[in-house]
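A closer look at the structure
If you want the building blocks of each chain, they are given just below.
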Amino acid sequence: MSPSIWLYIALAIFIVALIIVGIGVGIFIKGIKEPLKEMKGSANNLKERTDKLNLEATSLQHHVNELKEDMQAKSEKVSMLLDAARGTKNSVLDLNSSVRRITVNIASEVDNDKGNIAQINQWSIATADLLELRGFLKTRKDTYSTHSSIPQIENKQQ
């Protein structure tokens, strides 16, 4: 056989091999399209979920910051309330000591004033006399009402 025939045979085998390789690559690409679409869809789904998680994390961080600010404001208000309560307690203690001082002063003046003692005794005697008079008048009224019963006469018309 001549070398040119061998060359044509080799060329034919090479062309057939290229056709087979082309068909194989075509089948490979056609077969890989579907899994690539699924991978692309999964990647898009994963990206959407990641975006949603980032949005939720941002929202939660915003709420945390709001709660933190609210807690700080309320903590300041509670501190002010506690300070006011301490001030009120001190004011009440000061008021109690002032009232105690005034009461002790008045009591000592009353104990040492003879005129007040005599006036108190006079008022006590007058009050006792009034109570005794009230009791006397009450018993007299009760006695009068039981002894002076007047029979009632009924007028009957015929």
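Now for a quick tour of the structure. Remember, predicted model here, so these are calculated numbers, not experimental data.

Calculation notes
Residues numbered from 1 in each chain as written. Predicted model: local features only at pLDDT ≥ 70, side-chain atom pairs only at ≥ 80, totals over all residues. Heavy atoms only, no water. Helix = DSSP H or I, 4+ residues; strand = E, 2+ residues; numbered from the N terminus. Buried < 20%, exposed > 50% of the residue type's maximum accessible area, 1.4 Å probe, protein only. Areas by Shrake-Rupley, 256 points an atom, 1.4 Å probe, with all protein chains shown as cover. Lys, Arg positive; Asp, Glu negative; His and termini not counted. Charge placed at Lys NZ, Arg CZ, Asp CG, Glu CD. Patch = residues over 30% accessible without salt bridge, like charges linked within 9 Å, V, L, I, M, F, W, Y side chains within 5 Å. Salt bridge = Lys/Arg side-chain N within 4 Å of Asp/Glu carboxyl O. Expected span 1.5 Å × (residues − 1). Bend = angle between axes of the 7 residues up to and from the residue.

1. Quick notes on the overall build of the chain
From N to C terminus, the chain includes two helices and zero strands. The dimensions of the chain, computed from C-alpha atoms along their principal axes, are 175 × 80 × 15 Å. The proportion of buried residues among the 158 residues of the chain is 0%. Just so you have it, the chain exposes about 15,300 Å², and 64% of that area is on carbon and sulfur atoms. Side-chain charges of the chain comprise 20 positive and 18 negative groups, with the mean position of each set lying 8 Å from the other.

2. A few points about a nonpolar patch on the surface
A contiguous nonpolar patch, built from Tyr8, Leu11, Phe14, Ile15, Leu18, Ile19, Ile23 and Ile27 and spanning about 850 Å² of accessible area, is present on the exposed surface. Tracing the backbone shows Leu18 in helix H1 (residues 3-112).

3. What about the pattern of salt bridges?
Considering all chains together, one arrives at two salt bridges under this definition. A salt bridge links Lys74 to Asp70; the shortest N-O distance between them is 3.4 Å. Highlighted residues: Lys74 and Asp70, both in helix H1, separated by four residues, approximately one helical turn. Notably, a salt bridge pairs Asp83 with Arg86, separated by 3.1 Å at the nearest N-O pair. With Asp83 and Arg86 both in helix H1 and three residues apart, this pair spans about one turn of that helix. Owing to a relative accessible area of 51%, Arg86 belongs among the exposed residues under this scheme.

4. Quick notes on H1
An ideal rise of 1.5 Å per residue puts 164 Å on 110 residues; H1 measures up with 156 Å between its terminal C-alpha atoms. The sharpest bend along H1 comes to roughly 30°, located at Lys33, with the proline Pro35 sitting one to four residues further on.

5. A look at the environment of Ile15
Following the sequence through the fold, Ile15 ends up in helix H1. Between the alpha carbons of Ile15 and Lys52 there is a distance of 54 Å; along the sequence they are 37 residues apart.

Treat this as a map of the structure, not an account of what it does.
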